[in-house]
Amino acid sequence: MSAKEPFYGFVPRMVSSKAAQQVMNGETNPFTKKPYSGQYKKILEARKKLPVFGQMDEFYTMFNKYQIIVMVGETGSGKTTQIPQFVCYSDLPHTRGKLVACTQPRRVAAMSVAKRVADEMDVPLGKQVGYSIRFEDMTEPGTTFLKYMTDGMLLREAMHDPDLTRYSTIILDEAHERTMATDILMGLLKALSRRRDDLKIIIMSATLDALKFQKYFGSTAGDPAPLFKVPGRTHPVEVFYTQEPEPDYVEAAIRTVLMIHRAEDPGDILLFLTGEEEIEDACRKIKLEADDLMNQDPSSVGPIACVPLYSSLPPQQQQRIFDAAPAAKGDGPPGRKVVVSTNIAETSLTIDGIVYVVDPGFSKQKVYNPRIRVESLLVSPISKASAQQRAGRAGRTRPGKCFRLYTEKDFMNELEEQTHPEILRSNLANTVLELVKLGIKDLVRFDYVDAPAPETLMRALELLNFLGALDDEGALTPLGAMMAEFPLDPQMSKMLIVSPEFNCSNEMLTIVAMLSVPNVWLRPPNMRREADAAKALLTVPDGDHLTLLNVYNNYQLNRDDRQWAWNNFLAGRALAQADNVRAQLQRTMERFDIDLVSTQDERKLYVNVRMALVCGYFMQVAHREGEKNQYMTVKDNQVVGLHPSCGLDTTPEWVIFNEFVLTTRPYIRTVTTVKPEWLLEYATTYFDFSTMPKGEARRALEAVYNKKHGKRKELDNESDNSTTRKSKKAKRT
DNA sequence: GAGCACTGC
């Protein structure tokens, strides 16, 4: 290195903040050797005002000394943008052919932070600083040394390189969110830190659970990992509670919004509710009542704009949350914007200008019941951490107020400290397969930050064993190794891999892709009949899986017609996404030399597809009990009905289903009719009579078995043709 | 005769 080299004399991981700042304040960009731009200097001045910048010295002392650091930084501390840069100046990954990784739970965050940091470092995005998310790799091998990425992406990389050798430092950001991928990564990194003493690890989190991470990542001697703490930069938020519990939180929320509108100073309102329907309904009511108020007394109440926000809203409409509040009418008071949102506004989206938050204290949360193998969404009380996060949304631009629609006593005594991490609320089939592929031998004794219920692990192991992904000893089979490579639930990767045997891998690729994206069916409230009619035209009566195939094929045939999706009440965004997913899955198929084949004869094709579906979803079979829309899931004996969105024109005796949903009653959704012979043939071990509970389903299967094997002839059963027609006439009345 | 909380590969 020459004397002109800005990093001259720098030794990796022995760099002081003084030296680093000298380079930052110099004239030459040490990473590009080009002179710094004017923009760089301007941004640098702003960076210097961030709380974390003032603690650079403390950071380097710790970073240089310890292998693992837990960092706590509240919103506005600048940790996500600054810490990875600080690390680069001491770690000097570019001089050693290494990378610094910083993970994010969300794609947009990985992209936007990478862009910001590239600007701050005065380099083009995708060169020295890049990002890597599914479907998009904005990095340049050999050049990129600071990479923002989704946590799931790093987990995928670990499957191929368990020692993550490319990285010199790994930073897990937003660890407090406890996504499944971050939780698994924490377990892997803890073990890896003992194999690779050259690897540095930083766990970054919002305040609350730092001690948990410190203990988890502590030394074997029991000392907690060192803590680096940076204050945030937000405005104070005054919190109010109700005196009594509110029996109807939606009604109370609307009342509170109107109270704020009448009595409080100007400033926008953010109201948290739990779902689309609730939100649309509340928006209508607020608008109606606020308009009434203004008409009654235009001199004291201003106009109001009520904006809904939830993820399935088209991006264009989501943008409305950033519109300015409506202007005052004449000399009247200024207008006010009310955003009524799901949890999306708690973490994923920030809206500036919010001064008032109304928090009823509920959100929809995923829960998993391993006993009946069902994930469902339940409206549940939020955690204290969540309530604090919501309140904080009122103090981003100036001091604000938060109205909690529950008592202070309930807040103190009833709310959990933290939302349960995802790993405790999910079906783990996929995760277990990933862990086994990662070489984790004993899943029950894996060092989880929070260990899932043994029953949940057992359910996952059982499923993977039935699918043939794990052998009876729990070891990965060649099939399982292949399945783990697909970004899919194991049932889906299984049916994809076997689909060439049924001559329908092209079709199965499509179906799996369609099952992996959000619902494609649109049903605007004022056009339900038209939407249903459009759907009926695309429906294949043998099953919803085939209908999805048909929808995709028609979408492809009409690619040139930009209006096609809209005219058919289909979500164009979801279809485009399916296209993307399909291409990615196809690449994985090709990598494994799995044949891409089709059946030409449509009637045979549909049968072939249905048989292949059985190979993956044989554990999700329901048998009709009686004549009406009443089914019983095989083996766990849950009474379910076909979901009203189901397109079957009959109620067949045997169906497989993709989803079990628990709403007004238990429903099975995305359903296709199958033949009992297929169950016996393609899932022999699962449909072993000795392990099946007695009942109609078992009797019917036994009859099929005996008939085939000529043991005993059933006289009263014509088997799979015994479907009953649903009365279309009765349906309409 | 209902509804996708939110992410991610």
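Residues numbered from 1 in each chain as written. Chains lettered and ligands numbered in written order. Predicted model: local features only at pLDDT ≥ 70, side-chain atom pairs only at ≥ 80, totals over all residues. Heavy atoms only, no water.

Asker: It is not clear to me how the overall build of chain A should be interpreted in this structure. Could you clarify?
Answerer: When helices and strands are counted, chain A shows 27 helices and 23 strands. In summary, chain A has a C-alpha radius of gyration of 29 Å against a globular reference of 27 Å for 733 residues, a match within 12%. Structurally, chain A occupies a C-alpha span of about 90 × 70 × 55 Å along its principal axes. Residues counted as buried form 52% of the 733 residues belonging to chain A. (Helix = DSSP H or I, 4+ residues; strand = E, 2+ residues; numbered from the N terminus. Rg over C-alpha atoms; globule rule 2.2 N^0.38 Å. Buried < 20%, exposed > 50% of the residue type's maximum accessible area, 1.4 Å probe, protein only.)

Asker: Even after reading the chapter, I still don't get the sheet that holds strand E11 (residues 304-309), so can you show me in this structure?
Answerer: Adjacent strands of a sheet pair through backbone hydrogen bonds, lying either parallel or antiparallel. Here six strands make up an open sheet; going across it, the order is E9-E16-E13-E10-E12-E11 and the pairing parallel. The open sheet is flanked by strand E9 (237-241) and E11, the only strands paired with a single partner. Going from strand to strand, the sheet's axes swing by 20° on average, the running direction of each strand aside. With five bridges joining them, E9 and strand E16 (residues 400-404) adopt parallel strand pairing. Paired with valine 237 across the strands is glycine 400, a residue of E16. The strands touched by helix H9 (residues 249-263) within the sheet are strand E10 (268-272), E11, strand E12 (336-341), strand E13 (354-359) and E16, with E13 carrying the most contacts at an inclination of about 155°. (Pairing = 2+ DSSP bridges. Axes fitted to C-alpha atoms, helices over the stretch in contact; angles between N-to-C directions. Contact = heavy atoms within 4.5 Å.)

Asker: Teacher, can you tell me more about the UniProt feature "domain: Helicase ATP-binding" (unreviewed entry) in chain A here?
Answerer: This chain's UniProt record puts "domain: Helicase ATP-binding" (unreviewed entry) on residues 60-226. Within residues 60-226, the helical portion is 40% and the strand portion 22%, while the C-alpha atoms at the span's ends are 13 Å from each other. (UniProt positions renumbered as here; feature names shortened; annotations may be inferred.)

Asker: Can you walk me through the sheet that holds strand E1 (residues 68-73) in this structure?
Answerer: Taken in spatial order, the eight strands of this open sheet run E4-E3-E5-E2-E6-E7-E1-E8, and their pairing is mixed. Looking at the sheet topology across the chains shown, the edges are occupied by strand E4 (136-138) and strand E8 (227-230). For this sheet the average axis-to-axis angle between neighbouring strands, irrespective of direction, equals 20°. Judged from the four bridges that link them, E1 and E8 form a sheet pairing that is parallel. Note that in E8 the partner of valine 72 across the bridge is lysine 229. Across the face of the sheet, helix H5 (residues 107-120) comes into contact with strand E2 (99-104), strand E3 (129-133), E4 and strand E5 (146-150) while running at roughly 170° to E3. Of the strands in this sheet, E2, E3, E5 and strand E6 (167-172) are in contact with helix H6 (residues 151-160), which crosses E5 at around 100°.

Asker: Can you walk me through the state of the cysteines in this structure?
Answerer: Covalent bonding between the sulfur atoms of two cysteines defines a disulfide. Counted according to the given criterion, the structure contains zero disulfides. Cysteine 88 takes part in no disulfide bond, and the closest cysteine sulfur, belonging to cysteine 102, lies 10 Å away. In this structure cysteine 615 is not part of a disulfide, and its nearest cysteine sulfur, from cysteine 504, lies 9.1 Å away. We classify cysteine 615 as buried; its relative accessible area is 7%. (Disulfide = S-S within 2.5 Å.)

Asker: What am I meant to see in the packing of helix H18 (residues 490-498) against helix H19 (residues 505-515) here?
Answerer: Between two packed helices, the angle of one axis relative to the other and the distance separating the axes together describe the packing. Where H18 meets H19, the axes come as close as 9 Å, and the angle between the chain directions of the two elements is 165°. Taken as axis vectors, H18 and H19 run roughly antiparallel relative to one another. Judged by the twist between their axes, the crossing of H18 over H19 is left-handed. Residues Met492, Met495 and Leu496 of H18 lie in contact with H19, whose contacting residues are Met508, Leu509, Val512 and Leu515. Per-class residue counts for the contact of H18 with H19 are seven nonpolar, no polar and no charged. (Parallel < 35°, antiparallel > 145°, perpendicular 65-115°, else oblique. Left-handed = near helix turned anticlockwise from the far one by under 90°. Nonpolar A, V, L, I, M, F, W, Y, C, P; charged D, E, K, R; others polar.)

Asker: What should I look at first to understand the protein's contact with DNA strand B in this one?
Answerer: For DNA strand B, the set of nearby residues contains 31 residues, the closest of which are Arg107, Ser311, Asn519, Thr663 and Arg669. A share of 59% of the atoms of DNA strand B within 4 Å of the protein falls on sugar and phosphate groups. Between arginine 134 and DNA strand B, the recorded distance is 2.8 Å, taken from a backbone N or O atom to a phosphate oxygen. With respect to DNA strand B, the backbone of proline 487 contributes an N or O atom lying 3.1 Å from a base nitrogen. Among the secondary structure elements, those contributing two or more residues to the surface near DNA strand B are H6, helix H10 (276-296), strand E14 (362-369) and strand E22 (666-673). Classifying every residue of the surface near DNA strand B gives ten nonpolar, ten polar and eleven charged. (Near = heavy atom within 4 Å. Polar contact = N/O pair within 3.5 Å; in protein donor to acceptor, adjacent residues only side chain to side chain.)

Asker: Would you explain the side chain of threonine 599 in this entry?
Answerer: Along the chain, threonine 599 turns up in the loop between helix H23 (572-591) and helix H24 (602-617). For threonine 599, a relative accessible area of 10% translates into the label buried. A polar contact is formed between the side chain of threonine 599 and the side chain of asparagine 608, at a distance of 3.1 Å.

Asker: Teacher, can you tell me more about the UniProt feature "domain: Helicase C-terminal" (unreviewed entry) in chain A here?
Answerer: This chain's UniProt record puts "domain: Helicase C-terminal" (unreviewed entry) on residues 253-439. End-to-end, the C-alpha atoms of residues 253-439 are 50 Å apart, and along that stretch the chain is 34% helix and 24% strand.

Asker: I would appreciate a short explanation of the pairing of E10 in the present structure.
Answerer: Within a regular strand, the side chains alternate between the two sheet faces. Summarising burial for E10: five of the five residues are buried, a large majority. Side chains of E10 alternate between two faces, with Asp268, Leu270 and Phe272 and Ile269 and Leu271 buried alike. Sheet analysis places E10 next to E13, joined by four bridges and oriented parallel. Residue isoleucine 269 lies in a different strand from E13, and its bridge partner there is tyrosine 356.

Asker: I'm lost on the pattern of salt bridges in this one. Help?
Answerer: Taken as a whole, this structure holds 39 salt bridges when the rule is applied. In the salt-bridge network here, residues are joined through shared partners; they are Arg178, Asp183, Lys212 and Asp450. (Salt bridge = Lys/Arg side-chain N within 4 Å of Asp/Glu carboxyl O.)

Asker: Mind showing me how you'd approach the environment of histidine 545 here?
Answerer: Within the secondary structure, histidine 545 is located in helix H21 (residues 544-557). Along the primary structure histidine 545 and threonine 673 are separated by 128 residues, whereas in three dimensions their C-alpha atoms are 9.7 Å apart. When residues no more than four places from it in sequence are discounted, the contact partners of histidine 545 are Ile511, Leu515, Leu613, Ile656, Asn658, Thr670, Val671 and Thr672.

Asker: I'm lost on unusual backbone geometry in this one. Help?
Answerer: Negative phi characterises most residues that are not glycine, and trans characterises most peptide bonds. The phi dihedral of asparagine 637 is positive, around 50°, even though this residue is not glycine. A relative accessible area of 37% means that asparagine 637 is categorised as partly exposed. Residues other than glycine seldom take positive phi values, yet threonine 670 does so here, at roughly 60°. Within the secondary structure layout, threonine 670 lies in strand E22.

Asker: So what exactly am I meant to see when it comes to the confidence of the model for chain A here?
Answerer: Should the pLDDT be low somewhere, the predicted coordinates at that spot are not to be read in detail. With 96% of its residues at a pLDDT of 70 or more, chain A has an overall mean of 90. Taken as a whole, residues 713-733 scores under 50 in pLDDT and shows 27 contacts with residues more than four places along the chain or in a different chain. (pLDDT = per-residue confidence, 0-100.)

Asker: I would appreciate a short explanation of H24 in the present structure.
Answerer: The periodicity of an α-helix, 3.6 residues per turn, causes residues three or four positions apart to be oriented the same way. For H24, which comprises 16 residues, the first-to-last C-alpha distance of 22 Å matches the rise-based estimate of 22 Å (1.5 Å per residue) to within 8%. When you tally the buried positions in H24, you get twelve out of 16 residues, the bulk of the element. Those residues of H24 that sit buried are Leu605, Tyr606, Asn608, Val609, Arg610, Met611, Ala612, Leu613, Val614, Cys615, Gly616 and Tyr617. For H24, the N-terminal capping position is held by aspartate 601, with its side-chain oxygen 3.0 Å away from the main-chain nitrogen of arginine 603. (Expected span 1.5 Å × (residues − 1).)

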